[in-house]
Amino acid sequence: MIIKEKTNSLKAVGLEALLRRLPKSHPRYADIESELRITRAGDNGERILADVFKKYQFPFEHYIFHDLNLQSTGKFQVDTLFLFQQGAVIMEVKNIAGQINFREDYNQLTRTLENGQVDSFECPSVQLERNKMLLEDWFHTHHLSIPIYQAAVFPRPQQQFVNHRKDLTLLFPLEIPVYLRRLHSFHNTTDLINLKDVTNKLRRAHCEYDPFPLISRYRIHPSELISGVCCAQCGFFGMQSLHGSWACHQCKNVDPLAHIDALLDYFMLIDYRLSNKTAREFFRVSDDQKMKRILRKMELPNEGEKRGRVYVANLEFVKKLYESSRSKVMKRR
Ligand SMILES: [Zn+2]
């Protein structure tokens, strides 16, 4: 039974927005491009892992959590947690292209691409060990004694390994059901009532991961970003607010909803709090009454009165804004 579905993280969407608004000459540009590649690969890998559990039915009582965020002696995120009477299994995805070589002297792996390029990554055992320790601490706090198993999942079945680490369980997606059924042959460590109780405790303890705002993570100042409302048709920044709509000088596109993406960018990149003054700077709108009307229409939660008013978003609001931005794109098609 899937207790927590795989959610779509907006981190990649935020990083894409950051790249659009960061001048290509910025010293962090290449780092953010690489972070976006890693984030997309991670998201794809996690989706492949989640799909395994959608397709496969286990003939015994079990509970599945995808993207579980907990806090014990530290914060931690588990890609997939499988809970059954034999214990808990932590699964972490490593979606890395190329030939994999586990180094014996370091907790590192290297991958070699077809063109000969070699890159180093942290060995998944590091994260698995850390997550295992933190989950143990979490169980301990809740007076639970549950064995924890761990496995690294490599989502590409065609992946080649030069060698293996003896202390690390490596699985391809299709091997997961076999592995879990093998563990199921071990003796029970808990009864079904207790299992259900642990599941409820985990569900309640989950706290959604919020990657925003992004620029503080990369030590980028808001003034380094390109401001303005972006034209979805030609990519020009600085659409003009005209008769309740937005007009692009460059391609003559008119878009009554262009401010949605700008607002989304602001919250994802800069801050969840927005005053009329900061909004005017970011949207490049000089008239404060006009800006007020635009923000009012968005039905943003706000604090304070008149000039002291601050609009306050949160991750939920950002998700809603993203959905309306997506449906806008659909309509345009
Ligand atoms: Zn345009």
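Note that the coordinates shown come from a computational prediction; the quantities given were computed from them, not determined experimentally.

As for the pairing of strand 5 (residues 99–102)
Because side chains alternate across strand 5, one face comprises the buried residues Ile100 and Phe102, and the other comprises Gln99 and Asn101, none of which is buried. Bridge count between strand 5 and strand 6 (residues 108–112): four bridges; the pairing is antiparallel. Within strand 6, the residue paired with Asn101 across the bridge is Thr110. From the end of strand 5 to the start of strand 6, which pair antiparallel, there are five residues.

Describing helix 2 (residues 29–55)
For helix 2, with 27 residues, the first-to-last C-alpha span of 39 Å sits near the 39 Å given by 1.5 Å per residue. Among the residues making up helix 2, those that are buried are Gly45, Glu46, Leu49, Val52 and Phe53. Buried residues in helix 2 make contact with strand 1 (2–4), strand 2 (62–71), strand 3 (75–84), strand 4 (87–93), strand 8 (148–153) and helix 4 (176–184).

What about the domain arrangement of the chain?
Domain assignment breaks the chain into domain 1 (2–205) and domain 2 (227–332). If you average the C-alpha positions of domain 1 and of domain 2, the two centres end up 36 Å apart. If you look at the interface, domain 1 gives seven residues, while domain 2 gives seven residues. Class assignment for the residues of the side of domain 1 that touches domain 2 results in four nonpolar, one polar and two charged.

Re the sheet that holds strand 8
Spatially, six strands are ordered 1-2-3-4-8-9 in an open sheet, and the strand pairing comes out mixed. Every other strand in the sheet has two partners, leaving strand 1 and strand 9 (170–171) as the edge strands with one partner each. Note that strand 1 and strand 2 share two bridges and pair parallel. Bridging across to strand 2, Lys4 finds its partner in Phe65. On the sheet, helix 4 packs against strand 3, strand 4, strand 8 and strand 9 and is oriented at approximately 165° with respect to strand 8. Seen against the sheet, helix 5 (residues 192–205) touches strand 1, strand 2 and strand 3 and runs at an angle of roughly 35° to strand 2.

Considerations on the sheet that holds strand 5
By definition, the strands of a sheet pair up through backbone hydrogen bonds, in either a parallel or an antiparallel sense. Read across the open sheet, the three strands follow the order 5-6-7; overall the sheet is antiparallel. Single-partner strands in this sheet number two, and they are strand 5 and strand 7 (118–122). For this sheet, the mean angle separating the axes of adjacent strands, direction not counted, is 30°. The pairing of strand 6 with strand 7 spans five bridges and is antiparallel. Note that in strand 7 the partner of Gln108 across the bridge is Glu122.

Section: the environment of Arg293
With respect to the element layout, Arg293 can be found in helix 8 (residues 288–297). Taking the number of C-beta atoms within 10 Å as the measure of exposure, Arg293 has 12 and is therefore exposed. When the C-alpha atoms of Arg293 and Gly244 are compared, they prove to be 9.3 Å apart, with 49 residues separating the residues in sequence.

Parameters and conventions
Residues numbered from 1 in each chain as written. Predicted model: local features only at pLDDT ≥ 70, side-chain atom pairs only at ≥ 80, totals over all residues. Buried ≥ 20, exposed ≤ 12 C-beta atoms within 10 Å, placed from the backbone. Helix = DSSP H or I, 4+ residues; strand = E, 2+ residues; numbered from the N terminus. Pairing = 2+ DSSP bridges. Expected span 1.5 Å × (residues − 1). Contact = placed C-beta atoms within 7 Å. Domains from an automatic or database assignment. Nonpolar A, V, L, I, M, F, W, Y, C, P; charged D, E, K, R; others polar. Axes fitted to C-alpha atoms, helices over the stretch in contact; angles between N-to-C directions.

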